[in-house]
Amino acid sequence: MRASPDPAAEARALDRLTGVACRILESRGFERVEPAILQPAELYLEQLGEDLRNRTYVFSDPDGEELCLRPDLTLPTCRLYLDQHPEADQPARLSYHGPAFRYQTDADDPHRPREFHQIGLESFGADDAIGAEVEVLSTVDTCLASLGAGGTVIRLGDLGIVRGLIMSIDMPARWRRRLLRAFERPEAFRRLLQQLCTGAAPLPSAVPERLLDRLIADDPARSEERVQEYLDAEGITPVGLRSVGELTESLLALVEDRRAARLPGEVAGLIDSLVAIDVPATDAVTRMRTVLGSRRVELEGPLGAFERRLDDLERAGLSLRRMRFSAGFGRSFAYYTGFVFQFEVEGKGQLGHLAGGGRYDDLLEAAGAPRPVPAVGAAMHSERLLAMVGERLR
Amino acid sequence: MSVLTLAVPSKGRLMEETLARFAAAGLEIVRRGTERGYQGHMPGLGDVSVAFLSASEIASFLKSGRVHLGVTGEDLVREAVAPGDGRIEEVVRFGFGRADVVVAVPALWLDVDRMADLEQIAPVFRRVHGRHLLVATKYRQLTRRFFADHSVSSYRIVESLGATEGAPQAGHAEVVVDITSTGETLRANHLKVLSDGIILRSEAALFASSLSPWTGAAEHLKAEIAHRLGA
């Protein structure tokens, strides 16, 4: 680290870096937009993963409205697009650059500044999903190469594959929802898998067996009466928004959980082995097919898509030898739903993630679109790029 | 300016017990001027200036280093800084001012006994009611950390600065994170404490700030105070 960089030289370098990248984005047809820095807090807090939620600057304005400083530019770009196309009926290819804000405990960590810049691109509503993914990834690659940061390792993941496996396994829909929800937290996910194998978790101790015995699985109305009788007898007064009906439904689900067959150990083992796959991209599909064994049939959709995507990436001039596939990669990122990727410099530690992106098909709907809209995008981290190639630009 | 500044609670039982504990250790605190003054000193020890402050101010003065030492509740200190933060160090625990910071839910929720149960019903609640579970508390940071440790993420905090235990009944929130000594108030408000919902067993303690200007003389006074208080 240089002790105190010359601010004017830093500003010039940032301008040059931004200029190079933005010209490439615009020449590839990604129109530049200027999304708002101030964003409504609520939408962000709903959509972000745990990690970003606790690092977002939230505050009230003089009118009492809850706002936040954008922690990235993807959601602001979605909102800007929807302002213009409320029906989300027009495909769009947009690009941006500007500051983003994330709280970091160490205010002086040069690799994780609280205020940093991103240059990025988003593709909304493209019919050809793989085509859009390949285009976004290869455009980022061109930007990085033009800046002198080419040839990095590209880590690939696909959240659709593990999701696909969970969806294909026969189990109560409720378990499936819980597994999908827990997937973003590796520890919780492992615990839950184990729990579903060894038998449902022990009952909450406040649930009396004699009440559960009196519930009637296919008769919520009569079950609710019996829960009400129990509450009256115990002198429990309902408070809060959650009703006796909701409680009854939840108790009926507990009864059902206990009756449901356990998840076979080999199925849990299969999920574990799939998530643990971390191989050169060229081996990814073979390895997944081997691990999946006879279950690969159900996953032919996502596996075939992954293969086509690799072929198209190669056809677009990207060497597969640079790419590594990790099945669990991207699980804890905010709002991604499918293909994810990251450009990494080996041996650079935290400095190493120069850019990343992926598919997020649910976000536009969450931001107000009338239906899910296919979307894929990526962003480059200006400060990390500057740290790597800044000398040439200063 | 004094060599060392010590902040003590300015009112209530916490103040009385603090002054009594210091006096019993031969560290009598004498107020300057009137009985109601907010400044004091410690004639038995030396150049110590004593500030009478509210318990929550003491926590934030310790965090910023405006006082060297302070007596306050552990709950307020843990709310002000994360564990391992290093800005505030515990010197000696006092055993009084005991209270637990707990997670409480309506007694109606027979299906929720542990944080893991809360994690399960939270997304269902959100589907049914179109909004997150609301947690009323004045302990924003303690709540965030504890809920994150238990993988509960589908919730929002609503700030509550008084009568928190009444929030569910008033319909302002479903869950409460609050301080309790016997649980009586919570029960009276039709709430129950989760079996693994004790966030912190808090008591009053003497804390030191690492950001204060620590001269050799200040260190010496601190060591003497700690020694006499039985640290």
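Preceding this section is the structure that the text describes.
Fair warning: this is a prediction, and the values are worked out from it, not measured in the lab.

Enquirer: Help me understand the overall build of chain A, please; the structure alone is not making it clear to me.
Expert: Regarding its fold elements, chain A presents 16 helices and 12 strands. Projected onto its principal axes, the C-alpha coordinates of chain A cover approximately 75 × 60 × 45 Å. The buried share among the 394 residues of chain A stands at 51%. Within chain A, residue pairs in contact and separated by at least 24 positions form 69% of the contacts whose partners lie at least 6 positions apart. Entry remark: accessible area of chain A is about 18100 Å², with carbon and sulfur atoms responsible for 49%.

Enquirer: Would you explain the sheet that holds strand E11 (residues 353-359) of chain A in this entry?
Expert: Strands pair in a sheet through their backbones, by hydrogen bonds, and they do so in one of two ways: parallel or antiparallel. Residue and element names in this part refer to chain A. The strand order E1-E5-E6-E12-E11-E10-E7-E9-E8 describes an open sheet built from nine strands, whose pairing is mixed. Among the strands making up the open sheet, the edge pair consists of strand E1 (31-32) and strand E8 (278-280). Its contacts with the sheet place helix H1 (residues 7-27) against E1, strand E5 (92-101) and strand E6 (115-124), and it is angled at close to 0° to E6. Those strands touched by helix H4 (residues 74-84) are E5 and E6, and its axis lies near 135° from that of E5.

Enquirer: Teacher, can you tell me more about helix H5 (residues 129-146) of chain A here?
Expert: Two residues of an α-helix separated by three or four positions point the same way, owing to the 3.6 residues in each turn. Residue and element names in this part refer to chain A. Taking 1.5 Å of rise per residue, the 18 residues of H5 would be expected to cover 26 Å, and the 26 Å separating its terminal C-alpha atoms lies within 8% of that figure. Buried residues of H5: Ile130, Ala132, Glu133, Val134, Val136, Leu137, Ser138, Thr139, Val140, Asp141, Cys143 and Leu144, and no others. Where H5 terminates, the next one or two residues include Gly148, which has phi positive at roughly 90°.

Enquirer: Looking at this model, I keep getting lost on the environment of Gly73 of chain B. Mind explaining?
Expert: Residues and elements named next belong to chain B. Along the chain, Gly73 falls in strand E5 (residues 69-73). Its relative accessible area of 9% is what places Gly73 among the buried residues. As for Gly73 and Ala204, which are separated by 131 residues in sequence, their C-alpha atoms are 4.3 Å apart. Excluding anything up to four places from it in sequence, Gly73 contacts Ser202, Glu203, Ala204 and Phe207.

Enquirer: Looking at this model, I keep getting lost on the interface of chain A and chain B. Mind explaining?
Expert: Interfaces are often sized by the accessible area lost when the parts come together. Between chain A and chain B, the contact holds 34 residues from the first and 33 residues from the second. Three residues, Val239, Leu241 and Arg242 of chain A, lead the burial of chain A against chain B; their summed loss comes to 24% of the area buried on that side. Linking chain A with chain B are three salt bridges. With a closest N to O distance of 2.6 Å, Arg242 of chain A and Asp111 of chain B form a salt bridge. Linking chain A to chain B there are seven residue pairs in polar contact (both at pLDDT 80 or more). Along the lines of polarity and charge, the residues of the side of chain A that touches chain B split into 18 nonpolar, five polar and 11 charged.

Enquirer: Looking at this model, I keep getting lost on unusual backbone geometry. Mind explaining?
Expert: Peptide bonds are, in most cases, trans, and in most cases residues other than glycine have a negative phi. Unlike most non-glycine residues, Ala88 of chain A shows phi in positive territory, near 50°. Taking relative accessible area as the criterion, Ala88 of chain A reaches 7% and is therefore assigned buried. The backbone of His190 of chain B sits at a positive phi, close to 65°, despite the residue not being glycine. Relative to the elements of secondary structure, His190 of chain B occurs in the loop between helix H7 (184-188) and strand E11 (191-202).

Enquirer: I would appreciate a short explanation of a negative patch on the surface in the present structure.
Expert: A cluster of acidic residues, Glu42, Asp63, Glu65 and Glu66 of chain A, forms a negative patch on the protein surface. Within the secondary structure, Glu42 of chain A is located in helix H2 (residues 41-47).

Enquirer: What should I look at first to understand the packing of helix H8 (residues 186-198) of chain A against helix H12 (residues 265-275) of chain A in this one?
Expert: For any two helices packed against each other, the geometry comes down to the angle between their axes and how far apart the axes lie. All names here are of chain A. Viewed as axis vectors pointing N to C, H8 and H12 meet at an angle of 165°, and their least axial separation amounts to 9 Å. Considered as vectors, H8 and H12 are oriented roughly antiparallel to each other. Handedness of the crossing formed by H8 with H12: right-handed. Where H8 abuts H12, its residues Phe189, Leu193 and Cys197 lie against Gly265, Ala268, Ile271, Asp272 and Val275.

Enquirer: Please explain the packing of aromatic side chains as it appears in this structure.
Expert: Centre-to-centre distance and the angle between the planes together describe a pair of aromatic rings. The full count for this structure, using the stated rule, is 12 aromatic pairs over all chains. Through a chain of ring-to-ring contacts, three or more aromatic side chains come together here, namely Tyr335, Tyr336 and Tyr360 of chain A. Over the face of the ring belonging to Phe30 of chain A we find Arg93 of chain A, whose NZ or CZ atom lies 4.5 Å from the ring centre. Over the ring of Trp214 of chain B we find Lys222 of chain B, and its NZ or CZ is 5.3 Å from the ring centre.

Enquirer: Can you help me understand the sheet that holds strand E3 (residues 58-60) of chain A in this one?
Expert: Residue and element names in this part refer to chain A. Strand order in the open sheet formed by three strands is E2-E4-E3, and the pairing between neighbours is antiparallel. On the outer flanks of this sheet lie strand E2 (38-40) and E3, each paired with one strand and no other. Between one strand and the next, the sheet's axes are offset by a mean angle of 40°, whatever the strand orientation. Pairing of E2 with strand E4 (residues 66-69) involves three bridges; the strand directions are antiparallel. If you follow Gln39 over to E4, its bridge partner there is Cys68.

The rules we used
- Residues numbered from 1 in each chain as written.
- Chains lettered and ligands numbered in written order.
- Predicted model: local features only at pLDDT ≥ 70, side-chain atom pairs only at ≥ 80, totals over all residues.
- Heavy atoms only, no water.
- Helix = DSSP H or I, 4+ residues; strand = E, 2+ residues; numbered from the N terminus.
- Buried < 20%, exposed > 50% of the residue type's maximum accessible area, 1.4 Å probe, protein only.
- Contact = heavy atoms within 4.5 Å.
- Areas by Shrake-Rupley, 256 points an atom, 1.4 Å probe, with all protein chains shown as cover.
- Pairing = 2+ DSSP bridges.
- Axes fitted to C-alpha atoms, helices over the stretch in contact; angles between N-to-C directions.
- Expected span 1.5 Å × (residues − 1).
- Buried area = accessible area lost by both parts, 1.4 Å probe.
- Salt bridge = Lys/Arg side-chain N within 4 Å of Asp/Glu carboxyl O.
- Polar contact = N/O pair within 3.5 Å; in protein donor to acceptor, adjacent residues only side chain to side chain.
- Nonpolar A, V, L, I, M, F, W, Y, C, P; charged D, E, K, R; others polar.
- Patch = residues over 30% accessible without salt bridge, like charges linked within 9 Å, V, L, I, M, F, W, Y side chains within 5 Å.
- Lys, Arg positive; Asp, Glu negative; His and termini not counted.
- Charge placed at Lys NZ, Arg CZ, Asp CG, Glu CD.
- Parallel < 35°, antiparallel > 145°, perpendicular 65-115°, else oblique.
- Left-handed = near helix turned anticlockwise from the far one by under 90°.
- Phe/Tyr/Trp six-rings, centres within 6.5 Å; stacked < 30°, edge-to-face > 60°.
- Lys NZ or Arg CZ within 6 Å of the ring centre and 35° of its normal.

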